[in-house]
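# Chains, contacts and geometry: an overview
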Amino acid sequence: MIDFRYHLVSLISVFLALAVGIVLGAGPLRENLGDQLAGQVEQLRTQQDELRTQADELASRNEQLGTFASEIGPELVADTLAGQRVAVLTDDSSTAPFTERISTLLEDAGVKSTVQVELQSALWVPSQSQQRTDALDTIRTIAPNLLDSGLTDSEQLSQVIVALLTPSQSGELTSELRTQVWQALTEQQLVTIDGELPSEVDGVLVASAAPEELVDSSEDEAVAAERAQGLLATQTSLLTSLAGTGVPAVVSAATPLNDASTGILRTVRGDAGFDGLSTTDRLQEADGPLLSVLALIEQTRGGSGAYGTTADAKDRLPAIPETAGVEDAAAEAGQNGDGSQGQGSASDGGGAE
């Protein structure tokens, strides 16, 4: 049986251990440990400063490259898309500055006509399902072959938009029918069109807004989730249809903080079914619109790729078009504006910003 003396000895041992620890901590060990901790903190602070300096230098160099590329953009793309008809699709008005720059570069490239189509949130938000239903009813009386009853209303309408922009496989979609269907979409405020109602085009450029621009902060969690699902279904259906047409197409997106882990690029770059489409990130940056147009030019010549600076981009820039009058500009662009060899084939691995 354990008696009182055993407990007494145990308590004395504990207090002696505490006393020894206090004495050592306040004496020889204190100074040694303090010096070690202070040294480690100083080393970490120095490393942090060095990394911050490197990050600032890389960001500055990348910004210089982007500015330089945008300045020589008109020379790089000159007459590379002569006589082509291009549609620029966007999903939010916040992309207007970028799509305007894209349209200007397309003009420099010799494009015959450019039409801008803005997809309205009524295509996917839960509260506007009646507008989608009314549009589908009208289209069903005009061109029923455009619809697939096995899909949701948002998915069907996305496919209709692609069908209106691309060559008709059966030849049944006449110019008059296209006009009537476009009118059905615009009357229900599902799309807005800048300029004349578009006919079939030779290339499509999809310019997507930053993910935060496509949400409504006033919605509760359940409605926000339903909106997000509708948006994803709309985008996926549109891109699936676009990939199946064989028409040269590029998907570009604004990527704040150099992040493509959410939004439309995650959908496209994460699915082998979209490998035929080219993608570009950093749409909001100085060289973003140029990346988009260069990627479209490459698409018309049979190439494709994932370009930009996010972690899942494969190359920094598409191949520079080799056309008369731009060889010198292309060679100059290859120097990255700071004397280092630039794009051609190698990637910076993404995420350098």
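Residues numbered from 1 in each chain as written. Predicted model: local features only at pLDDT ≥ 70, side-chain atom pairs only at ≥ 80, totals over all residues. Heavy atoms only, no water.

Once that is clear, we can look at the overall build of the chain. The helix and strand inventory of the chain stands at 10 helices and 7 strands. Here the chain holds 353 residues, and the buried ones make up 41% of them. Looking at the chain alone, contacts between residues at least 24 apart form 74% of all its contacts between residues at least 6 apart. About 18,100 Å² of surface is accessible on the chain, with carbon and sulfur atoms providing 52% of the total. (Helix = DSSP H or I, 4+ residues; strand = E, 2+ residues; numbered from the N terminus. Buried < 20%, exposed > 50% of the residue type's maximum accessible area, 1.4 Å probe, protein only. Contact = heavy atoms within 4.5 Å. Areas by Shrake-Rupley, 256 points an atom, 1.4 Å probe, with all protein chains shown as cover.)

Okay, empty space enclosed by the protein next. Summed over all chains, the structure comprises 2 cavities of 30 Å³ or more. Considered as a void within the structure, the largest cavity measures approximately 100 Å³ in volume. Among the secondary structure elements, those contributing two or more residues to the lining of the largest cavity are strand 1 (85-90) and helix 7 (221-245). Ranked by the residues each element gives to the lining of the largest cavity, the list is headed by helix 7, at 5 residues. (1 Å grid on protein atoms, 1.4 Å probe; cavity = no way out; pocket = protein on both sides within 12 Å on 5 of 7 lines; lining within 4 Å. Points joined across faces, edges and corners; volume = space filled by probe spheres on them.)

Within the secondary structure layout, leucine 290 lies in helix 9 (residues 288-300). Along the backbone, leucine 290 and glutamate 71 are 219 residues apart, and their C-alpha atoms lie at a distance of 9.6 Å.

A few words on the sheet that holds strand 1. The mixed open sheet is built from 7 strands, whose spatial order is 3-2-1-4-5-6-7. Each edge of the open sheet is held by one strand with a lone partner, namely strand 3 (191-194) and strand 7 (306-307). With 2 bridges joining them, strand 6 (residues 278-280) and strand 7 adopt parallel strand pairing. Bridged to threonine 279 within strand 7 is alanine 306. (Pairing = 2+ DSSP bridges.)

Here the focus is the side chain of threonine 166. Here threonine 166 shows up in the loop between helix 5 (153-165) and helix 6 (175-187). Under the relative-accessibility criterion, threonine 166 is labelled buried at 4%. A polar atom in the side chain of threonine 166 sits 2.8 Å from the backbone oxygen of valine 162. (Polar contact = N/O pair within 3.5 Å; in protein donor to acceptor, adjacent residues only side chain to side chain.)

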